[in-house]
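Structural features, examined
One-letter residues, chain by chain:
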Amino acid sequence: MFAENQEDSLRAASVRVALGVFAAFALPFLVPRIFRFEWVLVGYVIGAVAFQFAIRRSFGGVARVLLGGAMDVAFITFLVHRLGTQSTPLVAAYLLSGMFSALVAPPWSARVLGALGVLSYGAVSYAEALHLLPYAPDVHELSGWVPTVTSATRATALVGTLVAVSTWVSDRIGRALRTREQQLLTANSQLEQLSQRDPLTQLYNRRYLVRRVEEELLRARRGHPMALLMMDLDGFKHVNDQQGHLAGDELLRKIARTIEETTRAIDVIGRFGGDEFVVLLPDTDIEQGRIVAERLVRTLREVGASADP
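Quick caveat: nothing in here was measured; it's all calculated off a predicted structure.

In this section: the sheet that holds strand β3 (residues 276–282). The strand order across the open sheet built from three strands is β1-β3-β2, with neighbouring strands paired in antiparallel fashion. The open sheet has two edge strands, β1 (226–232) and β2 (268–273), and neither has a second partner. On average, adjacent strands in this sheet sit at an angle of 20° to one another, irrespective of strand direction. Contacting β1, β2 and β3, helix α9 (residues 245–262) crosses the sheet at an angle of about 10° to β3. Contacts between helix α10 (residues 286–307) and the sheet are confined to β1 and β3, with β1 contributing the most and set at about 25° to the helix.

Further remarks concern the layout of surface pockets. Looking at the largest pocket, its volume works out to about 510 Å³. Lining the largest pocket are 20 residues, and of these Asp232, Leu233, Asp234, Leu300 and Arg301 lie nearest its centre. Contributions of two or more residues to the lining of the largest pocket are made by β1, α8 (236–243), α9 and α10. The leading source of residues in the lining of the largest pocket is α10, at seven residues.

Attention shifts here to a nonpolar patch on the surface. On the surface, a nonpolar cluster with roughly 500 Å² of combined accessible area is contributed by Val165, Trp168, Val169, Ile173 and Leu177. Here leucine 177 is to be found in helix α6 (residues 149–196).

Close contact between helix α2 (residues 38–56) and helix α3 (residues 61–83) brings their axes to 11 Å; oriented N to C, the two are set at 160°. Viewed along their axes, α2 and α3 adopt a mutual orientation that is roughly antiparallel. Along this stretch, α2 crosses α3, giving a crossing that reads as left-handed. For the pair α2 and α3, the contacting residues are Val40, Leu41, Tyr44, Gly47, Ala48, Phe51, Ala54 and Ile55 in the first and Arg64, Leu67, Gly68, Met71, Asp72, Phe75, Phe78 and Leu79 in the second.

The tally for this structure, following the rule as stated, stands at 13 salt bridges. A salt bridge links arginine 219 to aspartate 283; the shortest N-O distance between them is 3.5 Å. Of this pair, arginine 219 sits in helix α7 (residues 206–221) while aspartate 283 sits in the loop between β3 and α10, and the two are 64 residues apart along the sequence. With a relative accessible area of 21%, arginine 219 lands in the partly exposed category. Linked through salt bridges whose partners overlap, the residues forming this network are Arg212, Glu215, Glu216, Arg219 and Asp283.

Let's shift gears to the packing of aromatic side chains. On inspection of all chains with the given rule, the structure shows five aromatic pairs. With a centroid separation of 3.9 Å and an interplanar angle of 5°, the aromatic rings of tyrosine 44 and phenylalanine 75 are classed as stacked. Remark: phenylalanine 75 occurs in helix α3 and tyrosine 44 occurs in helix α2; sequence separation between them is 31 residues. The pair tyrosine 44 / phenylalanine 75 is uniform in exposure class, with both members buried. Taking the centre distance of 5.8 Å and the plane angle of 75° together, the rings of tyrosine 94 and tyrosine 121 count as edge-to-face. Separated by 27 residues along the polypeptide, tyrosine 94 in helix α4 (residues 92–104) and tyrosine 121 in helix α5 (residues 107–129) bring together distant segments of the chain. Grouping residues by exposure puts tyrosine 94 and tyrosine 121 together as buried. Arginine 197 extends its terminal NZ or CZ atom over the ring of tyrosine 204, reaching a point 4.0 Å from the ring centre.

Here is what the cut-offs are and how they apply
- One numbering rule holds for all chains: residues counted from 1, following each sequence as written.
- Local features in this predicted model are restricted to residues whose pLDDT is 70 or higher, and side-chain atom pairs enter the listing and the counts only when it is 80 or higher, whereas totals over whole chains, interfaces and linings include all residues.
- Each side-chain value is derived from all of the structure's non-hydrogen atoms; neither hydrogens nor water enter the calculation.
- DSSP-based pairing: two strands are paired if at least 2 bridges between them are found.
- Only DSSP runs of H or I reaching four residues or more are called helices, and only runs of E reaching two or more are called strands; each is numbered from the N terminus.
- Where helices are involved, their axes are fitted lines through C-alpha atoms of the stretch in contact, as for all axes, and angles between N-to-C directions lie from 0 to 180°.
- In what follows, residue pairs with any heavy atoms lying within 4.5 Å of each other are defined as contacts.
- Using protein atoms alone on a 1 Å grid, points that fit a 1.4 Å probe yet trap it form a cavity, whereas open point sets bounded by protein on both sides within 12 Å along at least five of seven lines form a pocket; residues with an atom within 4 Å of a point count as lining.
- Grid points are joined across faces, edges and corners, and a volume is the space filled by probe spheres set on the points.
- Residues forming no salt bridge and having over 30% relative accessible area are the ones grouped into patches, like charges within 9 Å of each other and nonpolar side chains (Val, Leu, Ile, Met, Phe, Trp, Tyr) within 5 Å.
- The Shrake-Rupley method, run with a 1.4 Å probe sphere, supplies the accessible areas, and residue values consider only the shown protein chains as cover.
- The working definition used for a salt bridge is a side-chain nitrogen of Lys or Arg within 4 Å of a carboxyl oxygen of Asp or Glu.
- By the definition adopted for this analysis, an angle is roughly parallel if under 35 degrees, roughly antiparallel if over 145, roughly perpendicular if from 65 to 115, and oblique otherwise.
- Handedness of a crossing follows from how the near helix is turned relative to the far one, being left-handed for an anticlockwise turn of less than a right angle and right-handed for a clockwise one.
- Partly exposed describes any residue whose relative accessible area lies between the buried limit of under 20% and the exposed limit of over 50%, with all areas from a 1.4 Å probe on protein chains only and scaled to the type maximum.
- Here is the rule: rings of Phe, Tyr and Trp (six-membered ring for Trp) pair when centre to centre is within 6.5 Å. Planes less than 30 degrees apart are stacked, more than 60 are edge-to-face, and the remainder are tilted.
- A ring is scored as having a charge over it whenever the NZ atom of a lysine or the CZ atom of an arginine sits within 6 Å of its centre and within 35 degrees of its normal.

Any functional reading would require information beyond the geometric quantities listed.
Put into C-alpha cells, the structure is as follows:
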C-alpha cells in the first residue's frame, strides 16, 4: 500500500516545476531555434503545476506518480533529442527524475520510471544513429553530425548504469529516512504517553485530567452533559501501615483495573494523587452519574475488603 508523504512529494514536484520554468523561459534564449516549440515547454509547466495541485489534494496516488513520471521522461527525452542526445548536459535530468521518484514513490514504480527513461533515451539515440531522426536539430553546429550505433550503445549503457545506481542509492536513502521518521514518531508517541500516564497505575495523571475536564466543560457549555466523580479510598493508610507499601501499590493497581472494567471506553479515568481517583463521564447527566458512582462504590468495596477487611 502506498503511504504518501505529502511534503516530500511537493518538494520533488517543485523540481518538476523548476525544470519546466527553466525550459520555457531560459532555454529559448540559450537555444533560439527551440522557441518554435514554446507551446510544448509551456504545456509542461502547466502540467507540472496541475500535478502540484493534485498532490495538495492527495489525488491520484500511485497512478498520479506514474503519470507524472512518464510526463517527465517524455519531456526530458524531447529536450535531449532537440539538443543532442550525446552532447547536452540535460541528460542528467534522467538521473534527477529517477532519484526523486525513488525518494517519494514506491520502489517498484521508481524502477519502472527509471527503466522508461533509459529505454526512451536509447530509442532516440538509436533512431539518430540509424538516420531515422536528425541529430540535435535545434543546435546548428551539431545538426550535421550523425552518431554511430556503437556510440549510441555506449551512451545508452552509461545512462542506464547511472540511472540504476542513482535510483538504487536514492531508494536506500529514502528507506533509511522513512525508517528514522517512523522511529521518531514512535518515540514521540511513547513520550507523550509517559507524560500523560501515572507510572504506578497507568491511569491518566493529574495534568492530563485537568486538561480533559477543561475540554469537557467547553462542550458542556454547548449543551453536552457531563459528570465528574472524585473518590478517595477510606482506610488505605491502614493497608500501607500493616502490610507495607508494596501491598498498597498492588491494591492501587487492582483499584485502577477495577475502575476501568466498571466504566465505558469513552470515560476518562485518572489518578489524581495518592489514593484519590477521578472518573470523567462525557455525555452523562447527574442521574446516570449517580448510578455509575454507586456501582463503583460497591465494586471497589469488594476489592478493598479482599486486601484488608
